[in-house]
Amino acid sequence: TTTSQECGIYLAESSTDHVLGSYAGRTYNRDDPIGSSDAIVQFVDIRINNQHLSEQDATHLESFLGTCWSGDATAGMNEAEEVISAVGGPCFSSTGHVGMINAVIYQPSTLLRTDHDLLTSGYDELTSPGRGAFTYYHNLTLLAVDKIQEGSEIFLDFGAEYNQYDDVSKPNIDDYRKMDEAMEKMVAFFKKHGESLGEKAASEVYEFMKKDVLDLTAEARAEAARSLLPETYHGLQAIIDVGGSALHSNPEVVKDMDWLRKEGYCQDNLVPGVSKIEHAGRAAIAARDIKKGEVVAPMPLVPIVKGRDVLTMLEYDEGDETKPPIKYKQFLTNYVLEHPKSSVLFFPAGPMTSYINHGGKKANVKMAWSTKLWSDVQAAQKASVDELPFFSAVDMIVDLVATRNIKKGEEVLFDYGDDWAKAWDEHVKHWKEMTKDVKLSQSAMVLNEIYHGADTIQPFPTSSEDSLAGDNVQLMCHLLYDEDKIERRRNQDGSRTKVYPWIPHPVTGEHRLKTDLAVRGINRMDCIIEERTGDEKTGYKYVVRPLQEKAGLKILVKNVPHDVIRYVDRPYSNPQHEGHAFRHSIRFPDDVFPEAWKDLKDGYNERDEL
Ligand SMILES: C[S@@+](CC[C@H](N)C(=O)[O-])C[C@H]1O[C@@H](n2cnc3c(N)ncnc32)[C@H](O)[C@@H]1O
């Protein structure tokens with residue numbers, strides 16, 4: 001179809017500042033997904049493991065963490081004590097705007113993800129040397145929360161914008177919304193009464209609304225709100241026509257489509273799939289034909305200063321703290337670029353680029369520095385490693401360029417380098433030996449396939465029925481209940497239990513909205529299933545007991561739909577935490593690695609460290 005030929009989302013310089021921005025390549029309606037569904041790389045307890053850092057290095061680490069999301073937004077919260085998520089693409093390269101949030105991370109996509117594709121591809125978690133080597137977290141999806149016109153910048157809701165929310169000098173999102181509503185009403189008023197009032201009286205009424213009514217109703221926000229209104233009431237309709245006061249007073253957020261096609265990067269040339277390479281996990285697949293020499297994806301680089309140290313985790317012997325700790329490499333290691341002559345690692349935050357596998361001689365993309373005028377890559381290339389953290393990702397872009405024609409549906413591959421290939425071959429060779437005395441358990445992903453897989457939908461067992469779940473997993477429910485609709489149940493011992501209904505069953509057409517309210521990271525909690533109703537045809541519903549409630553306080557939630565219940569790996573127990581899992585970074589090719597970034601004269605030698 002023609003739409004798959006058009007790029008749905010671009011990357012370019014933001015209209016708000018010299019930072020990265022994402023722009024709609026077509027019009028989106030509210031609730032439309034935007035861009036491709038991307039991988040998420042969780043890293044755990046990074047601050048706890050880096051308490052020895054110098055003040056400066058700790059600041060650098062924080063600036064890297066500032067480019068990431070909290071694990072709560074990406075379903076990672078149960079991985080460890082502290083979970084932070086590295087992501088690429090529009091979730092990384094969109095900015096916030098206190099007045100114009102038009103997209104959010106669609107949490108149900110990752111919270112309720114399934115792995116049917118991977119598990120039916122022949123991947124066997126218990127025997128594959130790929131176990132724990134690629135991410136369990138995927139399907140990170142952006143969703144439009146408003147109509148977004150073609151060319152418009154995408155603004156995400158980062159909690160941080162709320163700091164500016166109370167600033168009375170400029171309009172915030174509620175000012176824009178309220179004034180749009182007010183303007184609609186004013187237009188209706190002047191349409192009805194304008195003629196009989198006459199020009200002079202109508203203008204006076206408008207001035208009265210603008211000044212006195214706003215001062216009284218908007219109080220501290222009156223000035224900000226007033227700035228959105230036109231000089232005379234004749235200008236009201238034009239503001240409504242361009243799509244409201246936000247767009248009207250910030251016309252620069254909408255770029256010309258021809259400019260975007262020429263000067264921007266397409267961010268949805270790749271879609272996820274399962275790799276044909278055995279044990280490799282998921283893959284980046286071309287969404288359209290790409291010609292030799294074209295950019296497949298831009299990769300903004302995020303420096304991790306002293307990266308190898310920062311990504312080393314220490315595990316102390318609990319019985320004997322004086323013993324030297326065992327060192328592990330943080331899972332993120334597998335997703336970063338390294339150069340042997342540099343102490344800095346780089347997370348490549350491109351759209352879907354985390355999914356690109358190693359192809360060796362079969363690689364069909366290579367790296368080249370950005371040639372966009374808005375990206376000052378030259379300055380960054382001359383910078384020393386200490387200066388790198390101060391560069392914005394907008395000036396640190398490398399392109400992945402097709403080295404031959406790539407057909408739609410083909411897997412995109414990069415050459416990770418000979419060291420990586422050697423390490424992987426060794427790993428595969430020793431896998432059986434390494435794991436022969438280890439009891440490998442099946443992760444929650446495999447269990448969830450039984451209850452949510454496309455082929456079979458089994459009901460969850462109640463607490464009195466036999467369960468397939470091992471000790472390594474726990475049951476989680478996404479619960480939001482209606483506090484006003486309480487019922488009390490009398491128990492056999494005479495005590496009473498409060499029963500709340502799960503939020504009302506979705507009404508047709510509102511499915512997404514209603515269910516979404518409940519399916520959010522903050523509403524995920526341990527639960528026990530007490531009762532079950534329904535069948536495969538009508539759908540199962542459950543009465544569950546949330547375990548997070550204060551001790552002694554017994555409550556139940558009824559009408560909980562099957563789909564919002566999931567098994568989750570207990571903290572530190574999914575295969576990503578296993579010591580025998582493969583760990584190796586991707587080699588940053590010599591021909592593009594700047595001289596100035598080589599701070600290790602003799603080069604890094606892994607044997608020195610481990
Ligand atoms: C940057 S990720 C690539 C995306 C990954 N396949 C996924 O599903 O998230 C790197 C990891 O992918 C896997 N991988 C990449 N190329 C591979 C290959 N040629 N053979 C086996 N595994 C590969 C390894 O587990 C490696 O640690």
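Residues numbered from 1 in each chain as written. Predicted model: local features only at pLDDT ≥ 70, side-chain atom pairs only at ≥ 80, totals over all residues.

A.B. asks: I'd like a description of the pairing of strand β1 (residues 9-13), backed by residues and values.
C.D. replies: Among the 5 residues in β1, 5 count as buried, and that is most of the element. In sequence, β1 turns back onto strand β2 (residues 20-24) through a hairpin of 6 residues. The pairing of β1 with strand β10 (residues 265-266) spans 2 bridges and is classified as antiparallel. Considered in β10, the bridge of Tyr 10 is made with Cys 266. (Buried ≥ 20, exposed ≤ 12 C-beta atoms within 10 Å, placed from the backbone. Helix = DSSP H or I, 4+ residues; strand = E, 2+ residues; numbered from the N terminus. Pairing = 2+ DSSP bridges.)

A.B. asks: Residue-level account of the environment of Ile 148, with values.
C.D. replies: Counting through the fold element by element, Ile 148 comes out in the loop between β8 (137-144) and β9 (153-156). In this structure Ile 148 comes out as buried when scored by C-beta crowding, with 25 C-beta atoms within 10 Å. For the pair Ile 148 and Tyr 265, spaced 117 residues apart in the sequence, the C-alpha separation amounts to 19 Å.

A.B. asks: Mind laying out helix α14 (residues 418-435), listing which residues take part and the relevant values?
C.D. replies: Between its first and last C-alpha atoms α14 spans 25 Å; for 18 residues at 1.5 Å apiece the expected length is 26 Å, and the two agree. Of all the bends in α14, the greatest, near 45 degrees, is centred on Lys 429. (Expected span 1.5 Å × (residues − 1). Bend = angle between axes of the 7 residues up to and from the residue.)

A.B. asks: Could you give me a rundown of the site of the ligand, with the residues and numbers involved?
C.D. replies: What surrounds the ligand is a group of 19 residues, the closest being Ala 133, Phe 134, Gly 281, Arg 282 and Asn 357. Across the shell around the ligand, the residue classes break down as 9 nonpolar, 9 polar and 1 charged. (Near = placed C-beta within 6 Å. Nonpolar A, V, L, I, M, F, W, Y, C, P; charged D, E, K, R; others polar.)

A.B. asks: A description of the domain arrangement of the chain should follow, citing residues and the corresponding values.
C.D. replies: In many reports, interface size means the accessible area that the parts give up when they come together. Domain parsing of the chain yields domain 1 (2-152 + 256-432 + 579-609), domain 2 (164-253) and domain 3 (444-569). Taken over C-alpha atoms, the centre of domain 1 sits 34 Å from the centre of domain 3. Opposite the 16 residues of domain 1 that make contact, domain 3 presents 19 residues. Elements that contribute at least two residues to the side of domain 1 that touches domain 3 include exactly α4 (107-111) and α5 (116-119). The element that contributes the greatest number of residues to the side of domain 1 that touches domain 3 is α4, accounting for 3 residues. Tallied by class, the residues present in the side of domain 1 that touches domain 3 amount to 8 nonpolar, 4 polar and 4 charged. (Domains from an automatic or database assignment. Contact = placed C-beta atoms within 7 Å.)

A.B. asks: Could you give me a rundown of the sheet that holds strand β27 (residues 555-561), with the residues and numbers involved?
C.D. replies: Reading across the sheet, the 7 strands line up as β23-β24-β27-β26-β25-β22-β28 and stay open at both edges, with mixed pairing between neighbours. Both outer strands of the open sheet, β23 (487-490) and β28 (565-569), are each paired with one neighbouring strand and no more. Shown here is a sheet whose adjacent strand axes are inclined to one another by a mean of 45 degrees, direction ignored. The pairing of β23 with strand β24 (residues 496-501) spans 4 bridges and is antiparallel. Counted as the bridge partner of Glu 487 is Val 499 from β24. Contacts between helix α15 (residues 444-452) and the sheet are confined to β22 (473-478) and β28, with β28 contributing the most and set at about 165 degrees to the helix. (Axes fitted to C-alpha atoms, helices over the stretch in contact; angles between N-to-C directions.)

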